[in-house]
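# Close look at the chain arrangement
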Amino acid sequence: MLWARAPLQARAASADDPPAATPLPLNRRPDGVWLLRKLSLRTPPMPQGHLVAYVRGSVALRARPFGRVLERLPARTPFGSPEALSVVRSRHGRWLAVTTPELGNRTLGSIDARAGGIAYARTRLALEIDLSRRLLIVRSGDRVLRRTTVGIGRPGSPTPTGRFAVTDKLDGPSINAVYGCCILALSAHQTNVPRGWQGGDRIAIHGGATGAVSTGCVHASEGDLRYLMRVAPLGTPVTIHA
């Protein structure tokens, strides 16, 4: 789990990597706000994949469509990365349900697609973490790109399940050598923090042993971590299930 900020310089992708987040076509309203063309997530031509909303200014996060404002999301995360929100679905045409660490593990927030300060992209990449098999599966659309054995939360501090997203990609040694080369912070929180734990409650994918050994984070090998750092854009959806 994470506790400090550490930006990581982007690495070049190889020709064999799946495409990263693809910008979407936008239209501009007379008042200068950029919108998805016709404000429809189904308007062609649209790249296939998962929608990601990038906060460029300040965006109101609401409890529900037209609901109260919970807080305003800035353009940068607490770790210094660009704010990238994984969109789970659209609501009432203009409202987007998003995963964000500002809310609980199973709580979605709503942002207004008509609001300014948002750019959109799509990524075909998605991560699945199967706790029962201790597997991390990387998919691009329907195609499996990689399967790898991982470490998961031990009894008493299990890895939380639900729909999350990659929020940050960080340099491990600059935070603590125990995390290995790389850290992919997720929007998930550990709700069963061990007694005396001082490391915060954010869940991440980082280095470490395999088996049911962690305080909730997912452990992967250095090779797999470097691969994920290269191919998974911020906002990549992550599903964790038993």
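Residues numbered from 1 in each chain as written. Predicted model: local features only at pLDDT ≥ 70, side-chain atom pairs only at ≥ 80, totals over all residues. Heavy atoms only, no water.

A few words now on the side chain of Ser-157. Residue position: Ser-157 is located in the loop between strand E14 (151-153) and strand E15 (162-171). Here Ser-157 falls in the buried class, since its relative accessible area comes to 4%. Apart from residues lying up to four places away in sequence, Ser-157 is in contact with Gln-190, Asn-192, Pro-194, Ser-214, Thr-215 and Gly-216. (Helix = DSSP H or I, 4+ residues; strand = E, 2+ residues; numbered from the N terminus. Buried < 20%, exposed > 50% of the residue type's maximum accessible area, 1.4 Å probe, protein only. Contact = heavy atoms within 4.5 Å.)

Note: C-alpha distance between Ser-157 and Thr-191 (34 residues apart in sequence) is 8.2 Å. A polar contact is formed between the side chain of Ser-157 and the backbone oxygen of Asn-192, at a distance of 3.4 Å. (Polar contact = N/O pair within 3.5 Å; in protein donor to acceptor, adjacent residues only side chain to side chain.)

Bringing unusual backbone geometry into the picture now. For Phe-66, which is not glycine, the phi torsion reads 65° and is therefore positive. Residue Phe-66 is classed as exposed on the basis of its relative accessible area of 58%. One non-glycine residue, Arg-134, adopts positive backbone phi at about 55°. Position of Arg-134 relative to the elements: it lies in the loop between strand E11 (125-130) and strand E12 (135-140).

Enumeration over the complete set of coordinates arrives at one aromatic pair. For the ring pair Phe-66 and Trp-95, a centre distance of 5.0 Å and an interplane angle of 65° mean the geometry is edge-to-face. Taken together, the positions of Phe-66 in the loop between strand E5 (59-62) and strand E6 (69-73) and Trp-95 in strand E8 (residues 95-99) put the pair 29 residues apart, joining distant regions of the chain. (Phe/Tyr/Trp six-rings, centres within 6.5 Å; stacked < 30°, edge-to-face > 60°.)

What follows is about helix H2 (residues 222-231). For H2, the set of buried residues is Asp-224, Leu-225, Tyr-227, Leu-228, Met-229 and Val-231. Summarising the contacts, the buried residues of H2 are in contact with E11, E12, strand E13 (143-149), E15, strand E16 (182-189) and strand E17 (202-206).

Our next topic: the side chain of Asp-112. Looking at where Asp-112 falls in the secondary structure, it is placed in strand E9 (residues 109-112). In this structure the side chain of Asp-112 is engaged in a polar contact, spanning 2.3 Å, whose partner is the side chain of Arg-94. Among the polar contacts listed, one links the side chain of Asp-112 to the backbone nitrogen of Arg-114, at a separation of 2.9 Å. Excluding anything up to four places from it in sequence, Asp-112 contacts Arg-94, Trp-95 and Ile-118.

Function cannot be inferred from these measures alone, as they are strictly geometric.
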